[in-house]
Amino acid sequence: MTSAALAALSQMPQIDLRTVFRTDPVRLSKYVLSHGPIRFDWSKTHLTDAVVAGFLDLADERGFATRRDALFAGEAVNVTEGRAAEHPAERGEGHPESVARAKILHQRMRALIDAIEAEALGPVRHILHIGIGGSALGPELIVDALDGDGARYDVAIVSNVDGVALERVMDRFDPAATLIAIASKTFTTTETMLNAASAINWMIEAGVDDPYGRVVALTAAPERAMEWGVDETRVLPFSESVGGRYSLWSSIGFPAALALGWDAFESLLEGAATMDRHFRLSDPRENAPLIAAFVDQYYAQVMKCQTRAVFAYDERLALLPSYLQQLEMESNGKGVTLDGAAVTGMTAPITWGGVGTDAQHAVFQLLHQGTVLTPVEFIASREPGHALDPAHHRALLVNCFAQGAALMQGRGNDADPARAYPGGRPSTTILLDDVTPHALGALIAFYEHRTFANAVLMGINPFDQFGVELGKEIARSIGAAGAKGFDPSTTALIDIALGAA
Ligand code: F6P
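Residues numbered from 1 in each chain as written. Predicted model: local features only at pLDDT ≥ 70, side-chain atom pairs only at ≥ 80, totals over all residues. Heavy atoms only, no water.

*Asks:* Can you help me understand the pairing of strand E9 (residues 350-355) in this one?
*Replies:* Every other side chain in a regular strand lies on the same face of the sheet, so the side chains alternate between the two faces. Bridging between strand E8 (residues 307-313) and E9 involves six bridges; their strand directions are parallel. Across the sheet, the residue bridging to Val310 is Gly353, located in E9. Crossover E8 to E9 through helix H15 (residues 320-332) is right-handed. (Pairing = 2+ DSSP bridges. Helix = DSSP H or I, 4+ residues; strand = E, 2+ residues; numbered from the N terminus. Right-handed = clockwise from strand over helix to strand, strands pointing away.)

*Asks:* Where do I start with unusual backbone geometry in this structure?
*Replies:* Peptide bonds are, in most cases, trans, and in most cases residues other than glycine have a negative phi. Geometrically, the link from Gly356 to Thr357 is a cis peptide bond, its omega value of 10° lying close to zero. Looking at the element boundaries, Thr357 is found in the loop between E9 and helix H16 (364-369). The backbone of Glu119 sits at a positive phi, close to 65°, despite the residue not being glycine. By the element assignment, Glu119 lies in the loop between helix H7 (96-117) and strand E3 (126-130). Phi is positive for Phe187, which is not a glycine, with a value near 55°. Take Phe187: it is sitting in the loop between strand E5 (178-183) and helix H10 (190-205). We classify Phe187 as buried; its relative accessible area is 5%. (Buried < 20%, exposed > 50% of the residue type's maximum accessible area, 1.4 Å probe, protein only.)

*Asks:* Would you mind going over the sheet that holds strand E6 (residues 215-219) with me for this structure?
*Replies:* Strands belonging to one sheet form pairs held by backbone hydrogen bonds; the direction of such a pair is parallel or antiparallel. If you trace the five strands from one edge of the open sheet to the other, you get E4-E3-E5-E6-E7, paired in parallel fashion. Where the open sheet ends on each side, the last strands, each with one partner, are strand E4 (154-158) and strand E7 (235-237). In this sheet, adjacent strand axes meet at a mean angle of 20° when their direction is disregarded. As paired elements, E5 and E6 share four bridges and run parallel to each other. Paired with Ala183 across the two strands is Leu218, which belongs to E6. Together, E3 and E4 form the strand contacts of helix H9 (residues 163-172), whose direction differs from that of E4 by roughly 160°. Strand contacts of H10: E3, E4, E5 and E6, with the helix running at about 165° to E5, the strand carrying the most contacts. (Axes fitted to C-alpha atoms, helices over the stretch in contact; angles between N-to-C directions. Contact = heavy atoms within 4.5 Å.)

*Asks:* Hey, could you run me through the side chain of Gln403 in this one?
*Replies:* Position of Gln403 relative to the elements: it lies in helix H17 (residues 391-409). Given the relative accessible area of 12%, Gln403 is considered buried. A polar atom in the side chain of Gln403 sits 2.7 Å from the side chain of His368. Ignoring anything within four residues of it in the chain, the contact list for Gln403 reads Tyr313, Gln360, Phe364, His368 and Phe378. (Polar contact = N/O pair within 3.5 Å; in protein donor to acceptor, adjacent residues only side chain to side chain.)

*Asks:* So what exactly am I meant to see when it comes to the site of the ligand here?
*Replies:* Lining the immediate surroundings of the ligand are 13 residues, of which Ser135, Ser184, Lys185, Thr186 and Thr189 lie closest. Within the contact set of the ligand, an oxygen atom lies 2.7 Å away from a side-chain nitrogen or oxygen of Ser135. A distance of 2.5 Å separates an oxygen atom of the ligand from a polar side-chain atom of Thr189. The cavity where the ligand resides is the largest pocket. Here the shell around the ligand is built from residues that sort into two nonpolar, eight polar and three charged. (Near = heavy atom within 4 Å. 1 Å grid on protein atoms, 1.4 Å probe; cavity = no way out; pocket = protein on both sides within 12 Å on 5 of 7 lines; lining within 4 Å. Sits in = over half its atoms within 2 Å of the grid points. Nonpolar A, V, L, I, M, F, W, Y, C, P; charged D, E, K, R; others polar.)

*Asks:* Explain the pattern of salt bridges here, please?
*Replies:* Opposite charge on two side chains allows them to pair when their charged atoms are near. Scanning all chains against the criterion turns up 26 salt bridges. Arg83 serves as the salt-bridge partner of Glu240, at 3.0 Å between the closest nitrogen and oxygen. Of this pair, Glu240 sits in the loop between E7 and helix H12 (254-260) while Arg83 sits in the loop between helix H5 (64-72) and helix H6 (87-90); the two residues are 157 residues apart in sequence, bridging distant segments of the chain. In this structure, Asp433 engages Arg382 in a salt bridge whose closest nitrogen and oxygen atoms are separated by 3.4 Å. Of the two residues, Asp433 sits in the loop between strand E11 (427-432) and helix H18 (437-458) while Arg382 sits in the loop between strand E10 (376-381) and H17, which places them 51 residues apart along the sequence. What makes Asp433 partly exposed here is its relative accessible area of 35%. (Salt bridge = Lys/Arg side-chain N within 4 Å of Asp/Glu carboxyl O.)

Structure, rendered in structure tokens:
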């Protein structure tokens, strides 16, 4: 899809970030936006009035307002699969029928949680959540971020089919006090089904009374869960129109709702709903997910950056980068436009990152002096997540802000080029008041809508993921027939490691 707006953006002169605050003294007020507990600061990026205007034109060209309305109206925005993308309905924002259905399913989840808390399934101290991709990364992020001291349950999320992952949990959990949650939208995913079978065998071998009675299924395919052996009363369905990587708000969030308590889960949903309303109703010039997408598109399409880096300067958000990798790369790592034509520019860059300050001592060298330009995103919280000496949090934030300043300012050194910093390197800082359920809900919903806004600006569908299918198909055929019909390299690997078929 060619775009006059994008062509115009590519012609615009680039600002020099090292001097930008001197040339535009009111820059800070123009490119900082606060929404509830979150402050977004894009002032250290290449946004200018002209760049924003150019992207507003691009948004118009791509029908942004219409596509956004279609998302919230529950229309089939996932065009390749003929499905809606109704994660906002889980938070109460969407087509009224979908919102009502989500409410009923949430009440069902809450009733089961009440029953578990009342020990109706026997004593439960451990929650073994089995799922992969979107059926694991969201709940894992939430539980890890919010499950501080005084945790009600010991939660383990097992995703990898490598038995080491499950065995490690088996070694530390008491099977008689474990509840197994099988999380799979399709209830067919090989890794999940194999891990679930091994987990139930572990319980049987340990002589647990009625092991299937201690299994809960979180799925959009309730019949398959029942066929597998989960009683209907312990199947928590969610709608087919909620995509896997957007599903933490549905019953896939069960371990978080159980471990953190229902009030916290509800607060997470409410936080997300505030961001839904902000995205749906705000003027494009003050719309945080849309502006963030302008920044993303500037670096991807105009400056051809192939990666973007996300650093959480908060241990509670340590899993955010890996959560975002699936959200952004599975959604927008695409090769065709909405009408099936090959894309001409870039789609999603590679999302990578880590946790500050650790990353400073490992990968920041490249960010400061390497030859590859990488837009960086810092996420921090004003409030600490611990009760230790405030010096810890101060040092954390000081380092976070120092990195953004250093990337932008740089420092010359004519005498010793190895010690020079070019500067002019962009960063965004997202500052939360605190890592609360409400703020985290809003933050994750911000990323979801930003991903959608990026897709709209690129003219692609963010809600399918056919790219993952070929590898699965080939794995099935190797599993069934061994090394038949493959290239010599693959054949040799199969023969050596798995034995000739
Ligand atoms: O293979 C990719 C994928 O389909 C993801 O999109 C999804 O989140 C994950 O697998 C798990 O799928 P399911 O929830 O159906 O087990």
